[in-house]
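# Residue-level structure breakdown
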Amino acid sequence: MKAVIFDLDGVITDTAEYHFLAWKHIAEQIDIPFDKGVNESLKGISREESLESILILGGAETKYTNAEKQELMHQKNQYYQTLISKLMPKDLLPGIGRLLCELKGENIKIGLASSSRNAPEILKRLEIIDDFHAIVDPTALANGKPDPEIFLTAAALLGVSPADCAAIEDAEAGISAIKSAGMFAVGVGHEQSMLGADLVVRNTCDLTLELLNEEWEQYKIKSF
């Protein structure tokens, strides 16, 4: 294992509540019901896809011009940025700071593959941006998860073969993307929603380099 690639939301920090509040704010403005169940279905997909899903839910997919959709996304992002401005290092999910230290200690490269355009700002607020050797710019990608492009791009930026990478996700679309990229997939969450993952942990505090190495060795044996 030469590199570990992280998703952001639900893996490094939990900004799901902020996304929920920001999308709810927009949905209420355009009279579309929005709850946590709907928000859950948006995990791991882009801002554009999220807005389209909300509009379809409200039967309003043809109601807005492209310019109006851009404005709605802009408003959502402004509201979201106001919320994430309160993030601090204490908002790192349990065990992630330790894992980053362990990876650095073993000279394992660290990458970020998040569909969030706010990822660099979030990493700065968490004071861990300098730990990352590569951060994928989602605006430069043609396809979102479950397409493997974001993980393949991360591997290329790190200069590591996908076969030598492990990647950590908390959404099924992300796990599918990792497996399609030919990487070792680590899921954080309930096993039934992590179909296809090579390793599933319930919480981030269970993630250690020792566990990753053990499971990696087993994965490699099975792969031959």
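The structure reproduced in this document is the subject of the present report. (Residues numbered from 1 in each chain as written. Predicted model: local features only at pLDDT ≥ 70, side-chain atom pairs only at ≥ 80, totals over all residues. Heavy atoms only, no water.)

## Description of the nonpolar core
Note on soluble globular proteins: their nonpolar side chains tend to be buried together. Core analysis: the biggest nonpolar cluster contains 37 residues, and Val4, Phe6, Ile12, Phe132, Ile168 and Leu207 have the highest contact counts within it. When near neighbours in sequence (up to four residues on either side) are disregarded, leucine 207 contacts Gly95, Ile96, Arg98, Leu99, Ile168, Val186, Val188, Val201 and Leu212. (Core = buried A, V, L, I, M, F, W, Y, C linked by side-chain atoms within 4.5 Å. Buried < 20%, exposed > 50% of the residue type's maximum accessible area, 1.4 Å probe, protein only. Contact = heavy atoms within 4.5 Å.)

## A word on the pattern of salt bridges
Under the criterion given, the structure shown has 11 salt bridges. One salt bridge connects aspartate 91 with lysine 90, and the closest N-O pair in it is separated by 3.6 Å. Since its relative accessible area comes to 22%, aspartate 91 is described here as partly exposed. Between lysine 179 and aspartate 198 there is a salt bridge; the shortest N-O distance is 2.8 Å. One end of the pair, lysine 179, is in helix α8 (residues 172-180); the other, aspartate 198, is in the loop between β5 (184-188) and β6 (199-201), with 19 residues separating them in the sequence. A residue is classified by how much of its surface remains accessible, and aspartate 198, at 29% relative accessible area, is partly exposed. The network of salt bridges with shared partners includes Asp7, Lys145 and Glu169. (Salt bridge = Lys/Arg side-chain N within 4 Å of Asp/Glu carboxyl O. Helix = DSSP H or I, 4+ residues; strand = E, 2+ residues; numbered from the N terminus.)

## Side note on helix α5 (residues 96-105)
An α-helix turns once per 3.6 residues; consequently, residues spaced three or four apart project the same way. The complete set of buried residues in α5 reads Ile96, Leu99, Leu100 and Leu103. Each buried residue of α5 lies within a common arc of 100° when the element is viewed along its axis, so the set occupies one face. For α5, the exposed residues lying more than 90 degrees away from the buried face are Cys101 and Gly105. The inward-facing, buried residues of α5 abut β1 (3-6), β2 (109-112), β4 (165-169) and α9 (209-223). With its phi angle positive at about 55°, asparagine 107 sits one or two positions after the end of α5. (Arc of directions from axis to C-beta.)

## A closer look at the sheet that holds β4
In a beta sheet, neighbouring strands are held together by backbone hydrogen bonds and run either parallel or antiparallel to one another. Read across the open sheet, the 6 strands follow the order β3-β2-β1-β4-β5-β6; overall the sheet is parallel. With partners counted over all chains shown, the strands left at the sheet margins are β3 (134-135) and β6, one partner each. Note: β1 against β2, 4 bridges, orientation parallel. Its bridge partner being in β2, phenylalanine 6 is matched across the sheet by leucine 112. Each of β1, β2 and β4 is contacted by α5, which is oriented at about 155° to β1, the strand it contacts most. Relative to β5, α8 is tilted by about 170°, and along the sheet it contacts β4 and β5. (Pairing = 2+ DSSP bridges. Axes fitted to C-alpha atoms, helices over the stretch in contact; angles between N-to-C directions.)

The values reported here are purely geometric and, on their own, carry no functional implication.
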